[in-house]
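# Residue-level structural notes
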Amino acid sequence: MLNLQVSSMEIKILQKLKLRVLVIFISVAFGMTIVSIYPGQTQQPVVLNLLMTAPDAQAWKQGIVKEFEAKNPGISINIIEGPNATNLIEDLYTSAFILGDSPYDLINMDVVWTPKFAAAGWLLDLTDKISQEELAAFSQKDVEGRRYKGKLYAIPMRSDVGMLYYREDLLKEAGFNPPESFNDLIKISQTLQEKGKVDWGYVWQGKQYEGLAAMFVEILEGFGSYWVNPETLEVGLDQPETLAAIEFLKNTIQIDISPPGVTTYQEEETRRIFQNGNSVFLRNWPYVWPLANKVSSSIDGKIAIKPMVHTKDGSSGACLGGWALGISKSSKHPEAAWKAIKYFTSEEAQRKFILEAGFVPSRRSLFLDPQIVAKYPHYPQLLKVVDQAVLRPPIAQYAQASDILQRYLSAALTNRMTPEVAMKNAASETRQLLGTKN
Ligand code: GLC
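Residues numbered from 1 in each chain as written. Predicted model: local features only at pLDDT ≥ 70, side-chain atom pairs only at ≥ 80, totals over all residues. Heavy atoms only, no water.

### What to know about the pairing of strand S6 (residues 155–161)
Note the cut-off: Residue burial is assigned from relative accessible area. The probe radius is 1.4 Å, only protein chains are included, and a residue is buried under 20% of its type maximum, exposed over 50%, and partly exposed in between. Helix and strand assignments follow DSSP, with helices taken as H or I runs no shorter than four residues and strands as E runs no shorter than two, numbered in order from the N terminus. Two strands qualify as a pair provided DSSP detects at least 2 bridges between them.
Burial of S6 is extensive: seven of the seven residues sit out of reach of the surface. Where S6 meets strand S11 (residues 320–327), six bridges bridge the pair, whose relative direction is antiparallel. Within S11, the position partnered with Ile155 by the bridge is Leu325.

### Side note on the side chain of Arg167
Rules: Working rule for contacts: check all heavy atoms of both residues, and any pair within 4.5 Å makes them a contact.
Along the chain, Arg167 turns up in strand S7 (residues 163–167). Arg167 gets classed as buried once you look at its relative accessible area, which sits at 7%. Setting aside residues no more than four positions away along its own chain, Arg167 makes contact with Phe274, Gly277, Ser279, Val280, Ile299, Lys302 and Ile303.

### Describing the site of the ligand
Spelled out, the test is: We call a residue near a molecule or strand as soon as one heavy atom of that residue lies within 4 Å of the molecule or strand. Between N or O atoms, a polar contact is any pair within 3.5 Å; within protein, one atom must be a potential hydrogen donor and the other a potential acceptor, and residues adjacent in sequence are included only when both atoms are from side chains. The Shrake-Rupley method, run with a 1.4 Å probe sphere, supplies the accessible areas, and residue values consider only the shown protein chains as cover.
As a matter of local geometry, the ligand sits amid Thr86, Asp110, Asp160, Tyr209, Glu210, Gly211, Glu267, Trp285, Gly321, Gly322, Trp323 and Arg392. Taking Asp110, its side chain carries an N or O atom lying 2.6 Å from an oxygen atom of the ligand. Glu267 is positioned such that a nitrogen or oxygen atom in its side chain is 2.7 Å from an oxygen atom of the ligand. The fraction of the free accessible surface of the ligand (310 Å²) that becomes covered by protein chains is 92%.

### Details of the sheet that holds strand S3 (residues 106–110)
Defined as follows: The angle between two axes is taken between their N-to-C directions and runs from 0 to 180 degrees, where each axis is a line fitted to C-alpha atoms and a helix contributes only its stretch in contact.
Here five strands make up an open sheet; going across it, the order is S2-S1-S3-S11-S6 and the pairing mixed. Strands with a single pairing partner mark the edges of an open sheet, and in this sheet they are strand S2 (75–82) and S6. In this sheet, adjacent strand axes meet at a mean angle of 20° when their direction is disregarded. Relative to S3, strand S1 (residues 46–53) runs parallel, the two being bridged by two bridges. Of the residues in S3, the one forming a bridge with Leu50 is Leu106.

### As for the sheet that holds strand S10 (residues 303–306)
Pairing is mixed in the open sheet, where four strands are placed in the order S8-S9-S7-S10. Two strands close off the open sheet at either side, each with one partner strand: strand S8 (200–203) and S10. For this sheet, the mean angle separating the axes of adjacent strands, direction not counted, is 15°. Pairing between S8 and strand S9 (residues 279–284): three bridges, direction parallel. Bridge pairing in S9 links Tyr202 to Phe281.

### Concerning unusual backbone geometry
A positive phi angle, close to 60°, is found at Leu233, a residue other than glycine. By the secondary structure assignment, Leu233 is in the loop between helix H11 (210–222) and helix H12 (240–254). Take Leu233: its relative accessible area is 26%, and that puts it in the partly exposed class. Unusually for a residue other than glycine, Asp256 sits at a positive phi of about 65°.

### A word on the environment of Glu69
Along the chain, Glu69 turns up in helix H4 (residues 64–71). In this structure the C-alpha to C-alpha distance between Glu69 and Ala340, which are 271 residues apart in sequence, comes to 9.2 Å. Sequence-distant contacts of Glu69, that is, excluding residues within four places in its chain, are made with Ile75, Ser76 and Ile77. In this structure the side chain of Glu69 is engaged in a polar contact, spanning 2.7 Å, whose partner is the backbone nitrogen of Ile77.

Spelled out as structure tokens, the structure:
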């Protein structure tokens, strides 16, 4: 039943994707045609095509792209704005690669794509382009996430790590310490809701998409469970602790601390609720901090951030996210692309990008940089969280494993399946995928 629904859904997605890929091809080709029609006027700059989510594109266009082009008059960066979900961008890159020579030169890659893109042979090997000393300036986990079978395929442009945001003002006023356990989070939420301070206690990403998997690894870690052990390929989805983690999420909806619509929310929907002052807690990435602290925000100066809560057997799970730049094997301009990567991942460019747009550096020194700390006082603490962050399983079949988890977890959260049945199926399909015993 579930499989049938998925296949018709997948067909629709594929149809939409084909259209999107076509539109993108046309716009990329159009850009190239203009360059070749007016060679005298443009002096034939090398155009590097780069696809990313629309909100990311805004941040890039505001500053670092202009700076790079000013420093490198012969190279121009053509940013193509895609949909706002990492898995949809991944599908677009994937279909472009599968259709033949990809029109993209630079690949802006989510940490979870590296093994798949590298295993498929779509990326240039960058191992010899950067020395060990240069790499040592980056957070170790960010670099590890970009290696596949010992080779390096991308340079981390920014890191990311899931955190728990909370309304420090409301907690203090009611005499609460920041929560340590899931029970604390529930109790504080209910008390502040009863007092009429907020509509909701806790908002999180419950839609069926990659963000659901990222959020869930944190709750899993909090309950002392795991998804896939990358060394042994053991699957932990049918463990009792995993079921307890799902029960916790379901319960937040049942007892009204999370809105019923939470199972359709991505990051931005949850940020808006929190930023409008309508929730005590929010699970999200650090990009929220500068937005929620804008002068126009109703919670400006009223929030704090901490690692996720956990049970006594679990630990604070912070999912490692983040984006890195690689070069498409079919790019006709690998040298120009490498020049761009060197600039976009440099200390200078990252500092500018982070001061303007928020986000988390991939260079360790920037967490302690005076200008950055003056704007984001919690960054030194964030470095510790990044160092202990949990990776989603770095396996070549990650996209399929995530799809399995997303489908069954969503079915359990929306009461289409019991958590037991959903996770039994998810675990069994994942074991089949990995070729391990059922
Ligand atoms: C953020 C993270 C990325 C993650 C995505 C999920 O963009 O950096 O790693 O996959 O959110 O929505």
